[in-house]
Amino acid sequence: MWFILFWVFVLITLMGIGGFFMFRKFLKSLPKSDGKSALDWQDHYIDKSIHLWDDQSKALLYELVSPVPELFRQVAKEKIAGKIGELALEEGAPRINEDLIIRGYIQATPKRDHKFLRKKLDEMQIDVAPYEHLF
């Protein structure tokens, strides 16, 4: 009997955790007042700015997201690339540079993860002083 109760508890817990993440994704896919969802805008900015990325800027983005767990890394890369693309298009940048990548990464990263971002930037010997106002 205890064995069955244990597995019922485990399965309900795992389904609750999975449901939480699915519900968050569902909320992001709902259209806003302009008719597009947050995910639609993210894809739009990535598509419009894809020609601005070179190999060096892609390598920097991959290096910055390396601390993110493998399971969430692709989603994090897409979210950050969307924000970087948005900044590049707003500013009319001719190409994606280190400054845009760092600013976009800081803005796209949740505040709870900023300490990990600071640690990674310190490891890469990138000065965060010009970006303090974004943290």
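Here's a quick rundown of the structure. (Residues numbered from 1 in each chain as written. Predicted model: local features only at pLDDT ≥ 70, side-chain atom pairs only at ≥ 80, totals over all residues. Heavy atoms only, no water.)

Another point: the nonpolar core. Nonpolar side chains in soluble globular proteins tend to be buried together. Among the nonpolar cores identified, the biggest contains 28 residues, and I84 and I96 are the most heavily contacted of them. For I84, the residues in contact, after removing those within four places along its chain, are W53, L61, I96, L100, I101, G104 and Y105. (Core = buried A, V, L, I, M, F, W, Y, C linked by side-chain atoms within 4.5 Å. Buried < 20%, exposed > 50% of the residue type's maximum accessible area, 1.4 Å probe, protein only. Contact = heavy atoms within 4.5 Å.)

Looking now at a nonpolar patch on the surface. Judged by side-chain polarity, F3, I4, F6, W7, V8, L11 and I12 come together as a nonpolar surface patch covering roughly 750 Å² of accessible area. Inspection of the secondary structure assignment puts V8 in helix α1 (residues 2–29). Exposure remark for V8: the relative accessible area of 41% places this residue in the partly exposed category. (Patch = residues over 30% accessible without salt bridge, like charges linked within 9 Å, V, L, I, M, F, W, Y side chains within 5 Å. Areas by Shrake-Rupley, 256 points an atom, 1.4 Å probe, with all protein chains shown as cover. Salt bridge = Lys/Arg side-chain N within 4 Å of Asp/Glu carboxyl O. Helix = DSSP H or I, 4+ residues; strand = E, 2+ residues; numbered from the N terminus.)

For the structure shown, the criterion picks out 2 aromatic pairs. Between F6 and W7, the ring centres sit 5.5 Å apart and the planes meet at 75°, which makes this aromatic pair edge-to-face. Taken together, the aromatic side chains of F3, F6 and W7 make up a single cluster linked through ring pairs. (Phe/Tyr/Trp six-rings, centres within 6.5 Å; stacked < 30°, edge-to-face > 60°.)

Now for the pattern of salt bridges. One pass over the structure, following the stated rule, counts 5 salt bridges. Among the salt bridges present, the one from E91 reaches R103, with a minimum N-O distance of 2.8 Å. Of this pair, E91 sits in helix α4 (residues 70–91) while R103 sits in helix α5 (residues 98–108), placing them 12 residues apart in sequence. For E91, a relative accessible area of 44% gives the class partly exposed. With a closest N to O distance of 3.1 Å, R103 and D99 form a salt bridge. One end of the pair is R103 and the other is D99, both in helix α5 and 4 residues apart, which spans about a single turn. Judged by its relative accessible area of 16%, R103 falls in the buried class. It is possible to trace a salt-bridge network through shared partners that takes in E91, D99 and R103.

A polar contact of 2.8 Å, which involves the side chain of R103, links it to the side chain of E91. If we skip the residues at most four places from it in the chain, R103 touches L87, E91, Y131 and L134. (Polar contact = N/O pair within 3.5 Å; in protein donor to acceptor, adjacent residues only side chain to side chain.)

Counting buried positions over the 11 residues of α5 gives 8, a clear majority of the element. Among the residues making up α5, those that are buried are L100, I101, I102, R103, G104, Y105, I106 and A108. Check the buried side of α5 and you find it contacts α3 (55–64), α4 and α6 (114–123).

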